There are 2 protein chains.
Amino acid sequence: MQMAGRIYIVGMGPGREEMMTGEALYALEQADVIIGYTVYLNLLPERFRDKELLSTPMRMEEERCRMCFTEAGKGKRVALVCSGDAGIYGMASLMYEIGREYSQTELVMIPGITAASSGAAVLGAPVNHDFCVISLSDLLTPWGKIEQRLKAAAEGDFAIVLYNPSSHKRKDYLRRACDILLAAVEEERVCGYVENIGREGTKAEVCTLRELRNREVNMFTTVFIGNSGSEIINGKLITKRGYQIERDHR
Amino acid sequence: MQMAGRIYIVGMGPGREEMMTGEALYALEQADVIIGYTVYLNLLPERFRDKELLSTPMRMEEERCRMCFTEAGKGKRVALVCSGDAGIYGMASLMYEIGREYSQTELVMIPGITAASSGAAVLGAPVNHDFCVISLSDLLTPWGKIEQRLKAAAEGDFAIVLYNPSSHKRKDYLRRACDILLAAVEEERVCGYVENIGREGTKAEVCTLRELRNREVNMFTTVFIGNSGSEIINGKLITKRGYQIERDHR
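Here goes a summary of the coordinates provided. Keep in mind that what you see is a predicted model, and the values were worked out from it rather than measured. (Residues numbered from 1 in each chain as written. Chains lettered and ligands numbered in written order. Predicted model: local features only at pLDDT ≥ 70, side-chain atom pairs only at ≥ 80, totals over all residues. Heavy atoms only, no water.)

### Notes on the relation of the copies chain B and chain A
Alright, step 1. For the pair chain B and chain A, the superposition axis carries a translation of 0.0 Å, the fit reaches an RMSD of 0.0 Å, and the rotation angle comes to 180°. The symmetry that links the two subunits is that of a two-fold axis.
Alright, step 2. The fraction of interface residues of chain B whose copies in chain A are also interface residues reaches 99%, indicating that both copies meet through the same surface. (Least-squares fit on C-alpha atoms with pLDDT ≥ 70 in both. Contact = heavy atoms within 4.5 Å.)

### Observations regarding helix 4 (residues 92–99) of chain B
Alright, step 1. Of all eight residues in helix 4 of chain B, eight are buried, a share of seventy percent or more.
Alright, step 2. Of all the residues in helix 4 of chain B, the buried ones are Ala92(B), Ser93(B), Leu94(B), Met95(B), Tyr96(B), Glu97(B), Ile98(B) and Gly99(B). (Buried < 20%, exposed > 50% of the residue type's maximum accessible area, 1.4 Å probe, protein only. Helix = DSSP H or I, 4+ residues; strand = E, 2+ residues; numbered from the N terminus.)

### Describing the packing of helix 6 (residues 143–155) of chain A against helix 7 (residues 173–182) of chain A
All names here are of chain A.
Alright, step 1. For the pair helix 6 and helix 7, interaxial distance at closest approach is 9 Å and the crossing angle is 45°. In terms of their interaxial angle, helix 6 and helix 7 are classed as oblique. Helix-helix and strand crossings are classified by hand; for helix 6 and helix 7 the assignment is right-handed. Where helix 6 approaches helix 7, its residues Trp143, Glu147, Leu150, Lys151 and Ala154 are matched on the opposing element by Tyr173, Arg176, Ala177, Ile180 and Leu181.
Alright, step 2. Partitioned by chemical class, the residues of the contact of helix 6 with helix 7 number seven nonpolar, no polar and three charged. (Axes fitted to C-alpha atoms, helices over the stretch in contact; angles between N-to-C directions. Parallel < 35°, antiparallel > 145°, perpendicular 65-115°, else oblique. Left-handed = near helix turned anticlockwise from the far one by under 90°. Nonpolar A, V, L, I, M, F, W, Y, C, P; charged D, E, K, R; others polar.)

### Examining the nonpolar core
Alright, step 1. Counting 54 residues, the largest nonpolar core has Leu212(A) and Leu212(B) as its most contacted members.
Alright, step 2. Those residues in contact with Leu212(A) that lie beyond four places of it in its chain are Leu174(A), Cys178(A), Cys191(A), Tyr193(A), Cys207(A), Val223(A) and Ile225(A).
Alright, step 3. Phe131(A), Val194(A), Ala120(B) and Ile197(B) belong to the second-largest nonpolar core, a separate cluster that totals 34 residues. (Core = buried A, V, L, I, M, F, W, Y, C linked by side-chain atoms within 4.5 Å.)

### Regarding the interface of chain B and chain A
Alright, step 1. Tallying the contact residues gives 74 residues for chain B and 73 residues for chain A.
Alright, step 2. Carbon and sulfur atoms supply 55% of the area buried between chain B and chain A, which totals about 6,700 Å² over both sides.
Alright, step 3. Of all residues in chain B, the largest losses of buried area upon contact with chain A belong to Leu140(B), Arg149(B) and Tyr243(B), amounting jointly to 10% of the total for that side.
Alright, step 4. Where chain B meets chain A, there are 10 salt bridges. (Buried area = accessible area lost by both parts, 1.4 Å probe. Salt bridge = Lys/Arg side-chain N within 4 Å of Asp/Glu carboxyl O.)

### A word on helix 3 (residues 61–73) of chain A
Residues and elements named next belong to chain A.
Alright, step 1. In a regular helix each residue adds 1.5 Å, so 13 residues correspond to 18 Å; helix 3 covers 19 Å between its end C-alpha atoms and thus fits that length.
Alright, step 2. Within helix 3, burial applies to Glu61, Glu62, Arg64, Cys65, Arg66, Cys68, Phe69, Glu71 and Ala72.
Alright, step 3. Elements in contact with the buried residues of helix 3: strand 1 (6–11), strand 2 (33–35), strand 3 (52–54), strand 4 (78–82), helix 4 (92–99) and strand 5 (106–110).
Alright, step 4. Following helix 3 by one or two positions, glycine 75 adopts a phi angle in the positive range, close to 90°. (Expected span 1.5 Å × (residues − 1).)

### Some words on the pairing of strand 11 (residues 221–225) of chain A
Residue and element names in this part refer to chain A.
Alright, step 1. With five of five residues buried, strand 11 lies mostly within the body of the structure.
Alright, step 2. Every second residue of strand 11 is oriented toward a common face, with Thr221, Val223 and Ile225 on one face and Thr222 and Phe224 on the other, all of them buried.
Alright, step 3. In this sheet, strand 11 lies alongside strand 9 (residues 190–195) in antiparallel orientation, the contact comprising five bridges. Of the residues in strand 11, the one forming a bridge with cysteine 191 is isoleucine 225. (Pairing = 2+ DSSP bridges.)

### Remarks on the environment of Arg49(B)
Residue and element names in this part refer to chain B.
Alright, step 1. Mapping arginine 49 onto the fold places it in the loop between helix 2 (38–41) and strand 3 (52–54).
Alright, step 2. With 15 residues separating them along the chain, arginine 49 and isoleucine 34 place their C-alpha atoms 9.1 Å apart.
Alright, step 3. Looking at arginine 49, its side chain comes within polar contact range of the main-chain oxygen of asparagine 42, at 2.8 Å.
Alright, step 4. Reaching out from arginine 49, the side chain makes a polar contact with the backbone oxygen of leucine 44 at a distance of 2.8 Å. (Polar contact = N/O pair within 3.5 Å; in protein donor to acceptor, adjacent residues only side chain to side chain.)

### Considering the packing of aromatic side chains
Alright, step 1. Summed over the entire model, instances satisfying the criterion amount to eight aromatic pairs over all chains.
Alright, step 2. On the numbers, 5.6 Å between centres and 85° between planes, the contact of Tyr37(B) with Tyr40(B) is edge-to-face.
Alright, step 3. Taking relative accessible area as the criterion, Tyr40(B) reaches 21% and is therefore assigned partly exposed.
Alright, step 4. Lying over the aromatic face of Phe158(A), Arg149(B) brings its terminal NZ or CZ to 5.8 Å of the ring centre. (Phe/Tyr/Trp six-rings, centres within 6.5 Å; stacked < 30°, edge-to-face > 60°. Lys NZ or Arg CZ within 6 Å of the ring centre and 35° of its normal.)

Written out as structure tokens, the structure is:
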């Protein structure tokens, strides 16, 4: 099956138009059809809503990707939208995998602001040194692998960002993750989490790892765990780079 | 010392204006003075260059940060610019640390596209599953800590992004990092690197970890190392999320 054209895989960032890049907006302006999960299509700036919008339900990711190639094959300019960055827990790799079957269609990635950046900006500077990003969703990853990565992240003294910390079916996953970390990391380790980043009702909290273990978070939350040198400064979660501040300036 | 005002800490992304967010551009438009390392000031879109621009040399980061608070104290609207995201190896944490002394000045973080996202977009989808970000610069971090993190990243089977893989004084650091990874990871592990992301002369290469060990990269390079399931697909470096593709679609 040979099809032509080019598909833009667009990272929308957290949601607000002001947090999208110029090239992401340009790709949407140029598109004949915008394809994405319904929740993301609903985040589109008003002026793009009268374009042809196509979607498939959750868990129908492969169909959504194939839809992009089919529409491109009709000669349409296609934009596939993902929240955050399509290359970070988005549709990018699946598009490249399926793209093997559509060798005449070019894929162009347009990066967006991912929750590790946008959530960090709300909390202060929690990932201003080496960090790990781990998803707690075991829909596509065996839980054993997630555990292995949590342990390694703690051993490496990384700051940690947890994506998908909870869902209706995975209510206790953040607690389980905290328990794994608590085997290697002190209870008072500083943490934070942000709900609805860049959308209405943004809510941020800082707490200790012990407290985090008992917090209930929802699926629109991103969790940050500091490294051994992180601190709360004026209510913000700060992971330092190691500059020695000249105290005699005071 | 009590000063007033608000300082915007702006992530400029890789450099091209189209890769900046609307809110980053808005903060620069509103600013009376833009402060940053000279290299970043030179990346500013032309129309901001007639604003008051202030800088300090490399390694004078504390002075640069204090300059922001001093200018804000004069009643000016200040934007501090960093390349990429100011919260990822940028000035964010130092600003919060120094901000302790200037309690009336509010700091507002404006996230930008970091090289883990923008470099990934050039290479394909190298960080589309759990990943670590590690800087190889030992200017502020003991090399032993960097080694510990490289080992942990390999043990956790993370995709890895290396920032600052080289400099004039650290020519062999990427080789040293590869040697540490090669103790745990197969020689044929797929890797890639991007030079001058989002600027003139962008150059991307994919290779194996064994090959990467012998490549010379410069300080404007970001390096990506796949996880155990990563693949090269049509010349792109792809780290899969784990979707099972329905082969009967072929």
